[in-house]
Structure formats: structure tokens, C-alpha cells
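# Structural overview for review
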Amino acid sequence: MNASAEKIAVVTGAGSGIGRSVALTLAAAGWSVAAAGRRREPLEETAGAAGDGADVLCVRADVSDPDDVTALFGTVAERYGRLDLLFNNAGTFGPGGVPLEDLTYEAWRAVVDVNLTGAFLCAQAAFRQMKRQDPQGGRIINNGSLSAHVPRPHSVAYTATKHAVTGLTKSLSLDGRPYRIACGQIDIGNAATEMTERMQSGILQANGQLAAEPVMDAAEVSRTVLHMAELPLEANVQFATVMATSMPYIGRG
């Protein structure tokens, strides 16, 4: 393969939901995609959905495990020789509906390990590769959330980690400047995936009531990520919000 002519992406959490949608959109646009996730079977389903002409490499990796992350980016470097994009997408809501005072340490730690530590480990590995490759540089897009701005009830672990992802994005943007490493963040509200099914049947609101919320097609998120990814490195979408138009975000509470 001619690495200089290729666009190489790593997508974490690529076995379902937004990760799968973004991986397929990138592959359809001509990117070579390393699809990473904890279970191989869903990754192979993503690769199969991309079609025979697409270059989708399935890599089993738990982003909260430093050894798995090292192996993931080592595999990408060996296969392609460079990295142009990391979509830092893997994440978990954690237990839903649990009051703050009843949240166990183990549940808190599980969310932090994936949403924050996992995002850091992948960003660090991508940063190292992008800094040392020739030509130097690349782009990291972190999956934030509307919860990076405002919380839902009983979501302290998820909300805290997504606020922290915003700090990660800003630090990566600053530290990446000398090396042509751009970093942006996409904050998503109610994309229709397995993780948001409960939004449509009724979810706790700030006033204590249950209410169904509108959702949008995850393809709208993927289109935005593709736009961010294909900008020249001299330009960056620092923060983008993509949400179901009528969901309770503006005026939440």
C-alpha cells in the first residue's frame, strides 16, 4: 500500500452505534479504518457492512487497558506506517438511574476507566505516532456529549468524565500545535443507537418527571465527523454540537 496516498483512521467503540456509523462513513469516503472494540464479532459485523472494497481492519482492544492500547496503535503502525485520524469514541453511561449517594466505587471507576482514562490512553498513543511520523501531524476527534455541558439527573460519573474530556480536548489542542496535531470535540445529543433506546420510551427529566425525547439518525453525526476529519490540518472544528433539534438541551431543567 502507498501510505502517502492513504488516509488512516482509528475508530474506538466501532462495533456498534456511533462508532460503527463513523467507521462505515469514513470507509465509504476512501479511508482505511482500524475498527477497535472489546468484542471481535461486532467489529467483524462492522467490517462486513463496509463491503468488499473497503479497508477495515478489526482490532480487539479494551481502551482502559494500557497494553491493549499499545498493541492497537502498534498494529496500525505496522500495517499502515502512519495515522491521520483518531476518533476517540469508546464510552459507557454506567448504571442508569442510580442516585449519587448509592453509586458504588466500582461503578464510578468503571465509567472513569473507559470514558476518561481510555480516551487519554488512545489520545496519548495517537499523539506519539502523529508526532514521530513523516509528514508529521494528524487529527484527534474526541466524542464528548451534551453532558460535557449540562447533566442529566443521576449521571454524576458520566457527566464528570465528559466534562473532563473537554479538558483533554483543550490540552491536546494546545500541546499538538508545534507538531501539526489538531484536536476537536463533537458533542452529541440523542443519536439513535442502542445506548439511547431508553430516550424514546421515557427518561428522567430535571423536574422529576419521565418524558420521551426525540432522537436523530446517527448518520448525521458521522457526516459531521467526516467533515471535521477531512479539513486540512491548518483548520480545525474545535467544538461541534450535533443534536436532535427538539430535545431538551437548550432550556434543560
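Before going into details, it helps to say that this report is about the structure given with it.

What counts as what
Counting restarts for each chain, with residues numbered from 1 along the sequence as it is written. Since the coordinates come from a predicted model, pLDDT governs what is reported: local features require at least 70, and pairs of side-chain atoms require 80 or more to be given and counted, while whole-chain, interface and lining totals use all residues. No hydrogens and no water enter the side-chain calculation; it runs on all heavy atoms of the structure. Put simply, DSSP marks the helices as runs of H or I at least four residues long and the strands as runs of E at least two long, and each gets a number from the N terminus on. Note on contacts: a residue pair qualifies if any of its non-hydrogen atoms lie within 4.5 Å across the two residues. All accessibility values rest on the Shrake-Rupley procedure with a 1.4 Å probe; residue burial counts only the protein chains present in the view. Ring geometry is summarised as follows: Phe, Tyr and Trp rings, the Trp one being its six-membered ring, pair when their centres sit within 6.5 Å, and such pairs are stacked at plane angles under 30 degrees, edge-to-face over 60 and tilted between the two. Per-residue accessibility, obtained with a 1.4 Å probe over protein chains only, is compared with the maximum for each type, and a residue is labelled buried under 20%, exposed over 50%, and partly exposed between these values. Here a cavity means grid points, on a 1 Å grid over the protein atoms only, where a 1.4 Å probe fits yet cannot get out; a pocket means an open set of points with protein on both sides within 12 Å along at least five of seven lines; lining residues are those with an atom within 4 Å of a point. Grid points are joined across faces, edges and corners, and a volume is the space filled by probe spheres set on the points.

### Regarding the overall build of the protein chain
- What the protein chain contains, in helices and strands, is 7 helices and 9 strands.
- For the protein chain, the spread of C-alpha atoms along the three principal axes comes to 55 × 35 × 35 Å.
- Within the protein chain, counting contacts between residues at least 6 apart in sequence, those at least 24 apart form 70% of the total.
- For the protein chain, the exposed surface amounts to about 11,700 Å²; the carbon and sulfur share of it is 52%.

### Quick look at the packing of aromatic side chains
- Evaluation of the coordinates by the stated rule reveals 2 aromatic pairs.
- A ring pair is formed by F127 and Y179, whose centres lie 6.0 Å apart and whose planes are at 80 degrees; its orientation type is edge-to-face. Residue F127 is located in helix α4 (residues 105–132), and its partner Y179 is located in the loop between α5 (156–176) and β6 (181–189); the two are separated by 52 residues in the primary sequence.
- The class of F127 is buried, set by a relative accessible area of 15%.

### Some thoughts on empty space enclosed by the protein
- Taken as a whole, this structure holds 2 cavities of 30 Å³ or more when the rule is applied.
- Its volume calculated, the largest cavity comes out at about 60 Å³.
- Mapped onto the lining of the largest cavity, the elements with two or more residues apiece are α4, β5 (138–143) and α5.

### Structural notes on the environment of M247
- Along the chain, M247 turns up in the segment after β9 (239–243).
- Looking at M247, the relative accessible area reads 4%, which means it is buried.
- Sequence-wise, M247 and M216 are 31 residues apart; in three dimensions their C-alpha atoms are separated by 9.7 Å.

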